[in-house]
Amino acid sequence: MKLAKNIILNSDSYKYSQFNQYPAGTEYVYSYIESRGGQWLETEYFGLQAFIKEYLTTPVTMSDIDIAERIITAHGEPFNRSGWEYIVNEHGGKLPIVIKSAPEGLIIPTKNVLATIENTDPKCFWLTSFLETALLRAIWYPTTVATNSYESKKIILKALEKTGDPSLIDFKLHDFGARGVSSMESAGLGAMGHLVNFMGTDTVTGLLYATEYYDADIAGFSIPAMEHSTVTSWGKENEVDSYRNMVKQNAKAGGIFACVSDSYDIYKACELWGTELKQDVLDSGATLVVRPDSGNPSDVVVKCLYILEKHFGSTVNAKGYRVLNPAVRVIQGDGINHASIHSILFCMELAGFSADNVAFGQGGALLQQVNRDTMQWAMKCSAVGVRVGEFLEWRDVYKDPVTDSGKRSKRGRVTLWESGGEYQSSVTMPMGWTDKGLQWNHVLVEVYRDGEVKKTWTFDEVRANARK
């Protein structure tokens, strides 16, 4: 077994000393996960299922304990060997916890409970908080990427609704981020988060993860495309030949192919596409996507559209905006973020061009330029069950730092309720409370209990949840 798959070693160092820090008689620890706010007002919740399947379905063994004890004690921390041995001996190595989760893909306002975790064996109360590091990381990254992508989708969709065809939205933002992330696992999780919203990706790992963890068939698609090396290897004087070869090799009737065209002069390249190469493109029956890759995105995209329109022509759609001949489109894949997407689309609108004419490729800003503070993620203990004589007494647990009210945590056995698209976090009891005359429904679903997966969603179901 790889050390990284040993759940006992999947925590922060300081967690190993906390098994004896709780009040005497503590039997249960209840914690929740939320986005406390941050850059956006909503979360597109996603990713927990992948973590559960990968890390929580393999029972702990005595060998895992031996390895972990050797590493952790040498590291300078105490090790709760008796606690882990108890899990192996009494539970067959299966973790005695219950995790409840919102259905993945749902768009839920920040400051709401998205998942909860509680131990199911009173002797393993310490396990809840021990899993915080791994569990929070499993949720914050894919959810933040999914939300980042979702926010871009809203910007693009608004432009399509005003100037073009909203049905084109699925392929308007393409993931270029595989090389820009910190690990293959980040690539897989982040790419899946993006694919909740769109169908275009060049991150193959995302396809694999969507199949492995969410039973997807093929979750995303791509097209043949040139890169600078396949253009410049022909030499500047033979640039047109590199493009003509691309058309010959990859332009298929009814298909799409992309050509980065700014290796030397993007505007001269657009002229080449519209003159020397125009008939090649038209005869192929394919759609050429011209890709600028430098300069001010808003200026460059609009100027390219003007040149391509001059040679290929355009029509005016029902909304009064010009759409290029279907044989040619533009994709901007450099410097793409929410601000530049908005700027490009705004400048296109001012110039009278429909958003139909452009797609976007995004790399680091999609998958890597996020962190836990982007949406202020936290997992906090909100209640403990303490044995007092014959009775189990539930006590609220919370933090409320005088120096930062934004870090005030929730108290009690909190959960999530929904009514008519409105979400509300509240304590779990009573289970069927009403407010403002409306009936609220309990949202969280038990997804894991005592080593067993209890509920899963397919990738299609996740996507459907995101569109509710």
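First things first, this report covers the structure right here in the doc. Source: prediction; values computed, not measured.

### Topic: the overall build of the chain
Next up, step 1: Tallying secondary structure elements over the chain gives 15 helices and 21 strands in all.
Next up, step 2: Its C-alpha atoms give the chain principal-axis dimensions of about 90 × 55 × 40 Å.
Next up, step 3: Residues classed as buried in the chain amount to 53% of the 468 residues present.
Next up, step 4: Taking all contacts inside the chain whose residues are at least 6 apart in sequence as the whole, residues at least 24 apart take part in 74%.
Next up, step 5: Within the structure as shown, the chain displays about 20,200 Å² of accessible surface, and the carbon and sulfur contribution to it stands at 51%.

### Examining unusual backbone geometry
Next up, step 1: Unusually for a residue other than glycine, K111 sits at a positive phi of about 70 degrees.
Next up, step 2: Counting through the fold element by element, K111 comes out in the loop between β4 (107-109) and β5 (113-119).
Next up, step 3: You will see that D215, though not glycine, has its phi angle at about 55 degrees, which is positive.
Next up, step 4: Along the chain, the position of D215 falls in the loop between α7 (204-214) and α8 (228-232).
Next up, step 5: Given a relative accessible area of 53%, D215 falls into the exposed group.

### Looking at helix α1 (residues 48-55)
Note that an α-helix has 3.6 residues per turn; residues three or four places apart therefore point the same way.
Next up, step 1: Among the eight residues that make up α1, six are buried, leaving the element largely enclosed by the rest of the structure.
Next up, step 2: Looking at the packing, one finds that the buried side of α1 touches β3 (97-101), α5 (132-163), α6 (184-195), α7, β20 (445-449) and β21 (452-453).

### Describing the pairing of strand β13 (residues 377-388)
Next up, step 1: In this structure, strand β1 (residues 26-35) lies alongside β13, joined through nine bridges in antiparallel fashion. Across the sheet, residue S35 finds its bridge partner in β13, namely W377.
Next up, step 2: When β13 meets strand β14 (residues 391-396), the two strands line up antiparallel, connected through six bridges. Looking at the pairing, G385 lines up with W394 of β14.
Next up, step 3: If you look at the hairpin formed by β13 and β14, you'll find two residues sitting between the two strands, and G389 has a positive phi there, around 65 degrees.

### Here we look at the sheet that holds strand β19 (residues 441-442)
Next up, step 1: Spatially, β16-β15-β19 is the arrangement adopted by the three strands of the open sheet, whose pairing is antiparallel. The open sheet has two edge strands, β16 (422-427) and β19, and neither has a second partner.
Next up, step 2: Across six bridges, the pairing between strand β15 (residues 414-419) and β16 is antiparallel. When the bridges of β16 are listed, L416 appears paired with S425.

### Section: the environment of H311
Next up, step 1: For H311, the location among the structural elements is in helix α12 (residues 297-312).
Next up, step 2: When sequence neighbours within four positions are dropped, the list of residues in contact with H311 reads E271, G274, T275 and K278.
Next up, step 3: Polar side-chain contacts of H311 include one of 3.5 Å to the backbone oxygen of G274.

### Description of a nonpolar patch on the surface
Next up, step 1: A surface patch of nonpolar side chains, about 310 Å² in accessible area, is lined by F171, I218 and F221.
Next up, step 2: Relative to the helices and strands, I218 is located in the loop between α7 and α8.

### Digging into the pattern of salt bridges
Next up, step 1: Counting across every chain of the model gives 20 salt bridges.
Next up, step 2: E271 is the partner of K310 in a salt bridge, and the nearest nitrogen-oxygen pair spans 2.9 Å. You can see K310 sitting in helix α12 and its partner E271 sitting in helix α10 (residues 266-274), a full 39 residues away along the chain.
Next up, step 3: Note on K310: relative accessible area 54%, which makes it exposed.
Next up, step 4: Ionic pairing is found between R291 and D293, a salt bridge with its closest N-O pair at 3.2 Å.
Next up, step 5: Accessibility expressed as a relative area gives 15% for R291, which makes it buried.
Next up, step 6: On the accessibility criterion, D293 (21% relative accessible area) is partly exposed.

### Here we look at the side chain of K172
Next up, step 1: Along the polypeptide, K172 turns up in the loop between α5 and β6 (173-175).
Next up, step 2: It is D356 that comes nearest to the buried, bridge-free K172 among opposite-charge side chains, at 5.4 Å.
Next up, step 3: Within the structure, K172 has its side chain in polar contact with the backbone oxygen of V358 (distance 2.7 Å).
Next up, step 4: Not counting the four nearest positions on each side in its chain, K172 is found in contact with I156, L160, F198, A355, D356, N357, V358, A359 and F360.

### Topic: the sheet that holds β14
Next up, step 1: Within the open sheet, the seven strands sit side by side as β14-β13-β1-β5-β3-β20-β21. Their pairing is antiparallel. Each having just a single partner strand, β14 and β21 make up the two edges of the open sheet.
Next up, step 2: The sheet contacts of α1 involve β3, β20 and β21, and relative to β20 the element is tilted by about 20 degrees.

### So, the side chain of E104
Next up, step 1: By secondary structure assignment, the location of E104 is in the loop between β3 and β4.
Next up, step 2: No salt bridge is formed by the buried E104. Its closest oppositely charged neighbour is K53, at 9.4 Å.
Next up, step 3: Within the structure, the side chain of E104 is placed 2.6 Å from the side chain of Y214, a separation counted as a polar contact.
Next up, step 4: Setting aside chain neighbours within four positions, we find E104 in contact with Y45, F46, G47, L48, Q49, Y214, W457, V462 and N465.

### Focus on the packing of aromatic side chains
Next up, step 1: In total, this model carries 14 aromatic pairs according to the counting rule given.
Next up, step 2: Ring centres of F46 and F459 lie 6.1 Å apart, and the angle between their planes is 80 degrees; this geometry places the pair in the edge-to-face category. A residue pair is termed long-range when its members are at least 10 positions apart, and F46 in the loop between β2 (42-44) and α1 and F459 in helix α15 (residues 459-466) qualify at 413 residues. The residues F46 and F459 share a single accessibility class, namely buried.
Next up, step 3: Within the aromatic cluster, the residues linked to one another by ring pairs are Y16, W84, W126 and F130.
Next up, step 4: Here the guanidinium or amino end of R322 rests over the ring plane of F353, the centre of that ring lying 4.3 Å away.

Thresholds applied
- Residues numbered from 1 in each chain as written.
- Predicted model: local features only at pLDDT ≥ 70, side-chain atom pairs only at ≥ 80, totals over all residues.
- Heavy atoms only, no water.
- Helix = DSSP H or I, 4+ residues; strand = E, 2+ residues; numbered from the N terminus.
- Buried < 20%, exposed > 50% of the residue type's maximum accessible area, 1.4 Å probe, protein only.
- Contact = heavy atoms within 4.5 Å.
- Areas by Shrake-Rupley, 256 points an atom, 1.4 Å probe, with all protein chains shown as cover.
- Pairing = 2+ DSSP bridges.
- Polar contact = N/O pair within 3.5 Å; in protein donor to acceptor, adjacent residues only side chain to side chain.
- Patch = residues over 30% accessible without salt bridge, like charges linked within 9 Å, V, L, I, M, F, W, Y side chains within 5 Å.
- Salt bridge = Lys/Arg side-chain N within 4 Å of Asp/Glu carboxyl O.
- Lys, Arg positive; Asp, Glu negative; His and termini not counted.
- Axes fitted to C-alpha atoms, helices over the stretch in contact; angles between N-to-C directions.
- Phe/Tyr/Trp six-rings, centres within 6.5 Å; stacked < 30°, edge-to-face > 60°.
- Lys NZ or Arg CZ within 6 Å of the ring centre and 35° of its normal.

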